[in-house]
Amino acid sequence: RTRGGPRHQRGGGGRRELGRRGLGDRVDGNGRRGQEASDESGDRARALSVCSSQAVWASNFRIRVAWELCCAIGLHWLLLPIGILVAKMAIFYAAAVLLLHAASAYAFVPMVSNKWRIGTRTSMSISMSMPGEKTAAPLARRGRVGVDSPRSPSTRRLMPHGIVRSRHQRVPAPRLSLVEWRLWGVGTSVDEDGGQHTLTPSEALRAAVAERLGVDELPLEHIRLVRKSLDARKPRGRAARAARGAQTGTRRAGAKGTAVVGDASPASDARVVRWDHVVDVRVDSRVARRLKAQPGRQMPFDPVVMGDEAPSVGTVAWEGAGDAPRVVVVGAGPCGLFAALTLARAGLRPVVCERGKTVEERGRDVGALIARGRLSADSNLCYGEGGAGTWSDGKLTTRIGRNSNEVREVLKTLVHFGAPDRILVDGKPHLGTDNLVRLLKGFREELVSLGAVFKWEGRVESLMKTDGHISGVRLAGGEEICADAVILATGHSCRELYHQLHDLGVRLEPKDFAVGFRIEHPQPLINRAQYGEYASRVGKRGDGALPAASYRLATTVADSPDATDNAAATDDANSNDDTNNGNNNAAAAAAKSPSAAERATKEWRSTGTDGRGCYSFCMCPGGQIVPTSLQEDELCINGMSFSKRASAWANAALVVSVGHSYGDYEVDGNPLAGLDFQREMESRAATMGGGELVCPVQRAPDFLAGKMSEEPLPKSSYRRGVRSAPLHELYPPKITRALREALRTFGKSMPGFAAEDALLHGVETRTSAPVQIVRDADSCESDGLRGLYPAGEGAGYAGGIVSAAVDGMRVATAFIRARANADATVAAAAAQPAAKQSASRAAGQSPEW
């Protein structure tokens, strides 16, 4: 409008109105119709306008269709490459994610799904899922990768989830996860290590672990010491080649962190002395990715198998349906005590019958025996609280698995009752008599608080039997104790009970064992042979950097009829006239030996009689020899030591395997023939010593030569007195020959072992039980008498403190589970008639029907 109207209606609006209204219309500047046009001309104009509009519409439609068609074709060719590109990117993205997940799983690193964005300075970004901290670390440090966040603009560098910073700020690397590995055989030098009393990770150990892992820095708190032991064995392989050039008292660099010692002779027994460790170390995931699992060297840490999360042994609870059964445990040694502890912790109240006395009263009887020779039949070094292991070296080593759950459970239990914590770390743990006496008191108090009952000086005279099932025990004083089950943990010295079991029909089988002598050396001699120039670090009171040296020797001696004949001839040539009886025995033994054809059979080879095992047993460094006799006319000895091992002597049993399979004695249907063989050897030793528990002795060179040892004899730790005797005549010739061969072999491997200072003491015969009480492998119940559970060393299923304790826990646990299952079965059977009666009543029938 010209006067306040819209600008677009000026002029143009009038022309459009003129076309639409007709030629006869007069239109002014404001588009108003004139009054002169007639109605007829207006109709013609309107008809012409309609035709013109239709023509324009048709023309516009064709143009529009052509335009849309061109747009469709253009967009098609434009979008097709883009679609292909997007599909390729999706496929690549999926493949990358799968590869990253697979690599993370192979490196034992848990996956952490995070949203990351590969960002640029534009507004375009790509979101993807990547493994957590392991892959994010190098990218985040470069500032190229970050977490996708709606708050993050294109001008910001991206960070881990939840963190948004400006691109001008420094991006710290994400913290990597720590993975725990266990390493074996990490060695440190005796010069750099803190010694036997250092049971925490040292700087030397940290450096050795870092070198093993190939890292420059390793925090000391990331290392946990699992085990530490002193390795002084003869080197092999590369270390042996490096040790061959060692000179007298000269240190050689065999392997890093070791010291090689030896003498200048060609047959020098150079040894590599070092501390050997087993450690658990925490490393970041990048280092863990490089490590390869190698059993016995390095493995990923498994908390169930290796750690404290392992299931506890001996803590099963009683879940029977009826009343708790009454169990009698015969014997208060390690097997009996751990069996009673397992039962008491399960909720039962066992009765422990021990023929000896408490450890306090037993200590006085042992002191009277050693000092004055007064022997008590029921309270001595074999009988009493703690068993025969109380007055011993207290070794806690075992061959059933140092890292097994059962062994760790035993060690933890001992620490709970007062044993030193070092037994959990020490590679060769031992308690000593003084520690054993203290912890036994705590053990007894725990059992009493749990409801166990002790019968001290309660020797079991016989077992009561009813309808093929054991019903209790009868004590020597006449008291009868009824029981549903009896766990027999008597030890290997309860000989009269074996005869009772045989009479009751319990199945017994003869078992091979070992006999020999106790050989004693000055402890400094063993230290020099094992440590060389480091022997001075042992200390006089056991408080040095190195412990008192120990050893373990073993060999196999051929045992054939021909070799026996030759041994008999050698004995005849190197002995006096009294050896003729031995020659006759050797000829008789050779006549009883099987022929070559018999030896070739499968049965003969399965017994292992092609060779006898000869070995050292129960080595006591810094210890003493004590009598373990049960009667004054029989002499048997053993070794013991205190916790510091500060004695001037070192002793060990030098024994050889014997048994009916070797032809040493005839069984003839008597499974207790080994007991008779033991008694005979002990009686001979008592006769050679002259009575009153005096021990017969002989120098090692004289034993090899077959002659009496002349006075003065080397000093001995045996306090009841020693006497020179022909120990080479004590055992049958075949056993003597095997002991001689072993002594010569050990003398070559350890210089001075068979020298003049080595003194043999007779006799060692109770290394293990000569009979085995047969039991079921699963239920641990005896074969022939239901309700009887033989266990421990006396039953022939253990050999030492730890193995006996483990077997006691196994037997007690097996009884609890078997009895609980039996009660559940009886309860279910009793519930079936009641259920049938209820169903009958519901159906309207009488119970009788």
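See the structure above.
Quick notes on the rules
- Residues numbered from 1 in each chain as written.
- Predicted model: local features only at pLDDT ≥ 70, side-chain atom pairs only at ≥ 80, totals over all residues.
- Heavy atoms only, no water.
- Helix = DSSP H or I, 4+ residues; strand = E, 2+ residues; numbered from the N terminus.
- Buried < 20%, exposed > 50% of the residue type's maximum accessible area, 1.4 Å probe, protein only.
- Contact = heavy atoms within 4.5 Å.
- Areas by Shrake-Rupley, 256 points an atom, 1.4 Å probe, with all protein chains shown as cover.
- Pairing = 2+ DSSP bridges.
- Axes fitted to C-alpha atoms, helices over the stretch in contact; angles between N-to-C directions.
- Phe/Tyr/Trp six-rings, centres within 6.5 Å; stacked < 30°, edge-to-face > 60°.
- Patch = residues over 30% accessible without salt bridge, like charges linked within 9 Å, V, L, I, M, F, W, Y side chains within 5 Å.
- Salt bridge = Lys/Arg side-chain N within 4 Å of Asp/Glu carboxyl O.
- Parallel < 35°, antiparallel > 145°, perpendicular 65-115°, else oblique.
- Nonpolar A, V, L, I, M, F, W, Y, C, P; charged D, E, K, R; others polar.

A. Seen up close, the overall build of the protein chain. The secondary structure content of the protein chain amounts to 20 helices and 27 strands. For the protein chain, buried positions account for 47% of its 849 residues. Considering only contacts in the protein chain between residues 6 or more positions apart, those separated by 24 or more positions represent 73%. Summed over all atoms, the accessible surface of the protein chain reaches about 42,600 Å², with 52% contributed by carbon and sulfur.

B. Just the sheet that holds strand β11 (residues 453-456), in detail. What the five strands build is an open sheet, ordered β11-β10-β9-β15-β27; its pairing is parallel. Two strands close off the open sheet at either side, each with one partner strand: β11 and β27 (788-790). This sheet shows a mean twist of 20° between the axes of neighbouring strands, independent of strand direction. Here strand β9 (residues 327-330) runs beside strand β15 (residues 485-488); their pairing, made up of four bridges, is parallel. For Val328, the partnering residue across the bridge sits in β15 and is Val486.

C. Molecular detail of the packing of aromatic side chains. Under the counting rule described, the total for this entry stands at ten aromatic pairs. Look at Tyr551 and Phe753: their rings are 5.5 Å apart centre to centre, the planes differ by 90°, and that puts the pair in the edge-to-face class. Taken together, the residues span a long stretch of sequence, with Tyr551 in the loop between α12 (523-531) and β18 (554-558) and Phe753 in the loop between α19 (733-749) and β25 (759-764) at a distance of 202 residues. Phe753 shares its class with Tyr551; the two are buried. Each ring, one from Tyr665 and one from Phe677, has its centre 5.5 Å from the other, and the planes form 35°; the classification is tilted. Linking Tyr665 in the loop between β22 (649-658) and α17 (673-689) with Phe677 in helix α17, this pair joins segments that are twelve residues apart in sequence. As far as the burial class goes, Tyr665 and Phe677 line up, both buried. Here a set of aromatic residues connected by ring pairs shows up, and it is made of Phe338, Phe417 and Phe443.

D. Representation of a nonpolar patch on the surface in the model. On the surface, a cluster of nonpolar side chains totalling about 540 Å² of accessible area is made up of Leu69, Ile73, Trp77, Leu80 and Ile84. Position of Ile73 relative to the elements: it lies in helix α2 (residues 39-106). Looking at Ile73, the relative accessible area reads 47%, which means it is partly exposed.

E. Region of the structure containing the pattern of salt bridges. The tally for this structure, following the rule as stated, stands at 30 salt bridges. For the salt bridge of Arg182 with Asp280, the shortest nitrogen-to-oxygen distance reads 2.7 Å. Remark: Asp280 occurs in strand β7 (residues 271-284) and Arg182 occurs in strand β4 (residues 178-188); sequence separation between them is 98 residues. In this structure, Arg495 and Glu634 form a salt bridge, with 3.5 Å as the shortest nitrogen-oxygen distance. Placement of Arg495 in helix α11 (residues 495-504) and of Glu634 in the loop between β20 (624-627) and β21 (637-640) is noted, with a sequence separation of 139 residues between them.

F. Seen up close, the packing of helix α7 (residues 334-345) against helix α9 (residues 405-416). One can describe the packing of α7 onto α9 by two numbers: an axis separation of 13 Å at closest approach and a directional angle of 85°. By the criterion of interaxial angle, the relationship of α7 to α9 is roughly perpendicular. Contacts between α7 and α9 involve Phe338, Leu341 and Arg345 on the former and, on the latter, Glu409, Val410, Thr413 and Leu414. For the contact of α7 with α9, the class distribution of residues is four nonpolar, one polar and two charged.

G. Structural detail: the sheet that holds strand β12 (residues 460-466). Taken in spatial order, the three strands make up an open sheet running β12-β13-β14, and their pairing is antiparallel. The open sheet is flanked by β12 and β14 (480-482), the only strands paired with a single partner. When the angles between neighbouring strand axes are averaged without regard to direction, this sheet yields 30°. The pairing of β12 with strand β13 (residues 469-475) spans six bridges and is antiparallel. Bridge pairing in β13 places Leu463 opposite Val473.

H. Quick look at the environment of Ala738. Here Ala738 is to be found in helix α19. Given a relative accessible area of 1%, Ala738 falls into the buried group. Once the C-alpha coordinates of Ala738 and Val655 are considered, the two residues, 83 residues apart in sequence, prove to be 9.2 Å apart. Non-local contacts of Ala738, meaning those with residues more than four positions away in its chain, are made with Val557, Arg612, Cys614 and Val656.

I. How the structure looks around the pairing of β13. Linkage of β12 to β13, two consecutive antiparallel strands, is achieved through a turn of two residues, within which Asp467 is found at a positive phi near 55°. Pairing of β13 with β14 involves three bridges; the strand directions are antiparallel. Bridge pairing in β14 places Gly472 opposite Cys482. Two successive antiparallel strands, β13 and β14, enclose a turn made up of four residues, where Gly478 displays a positive phi of approximately 100°.

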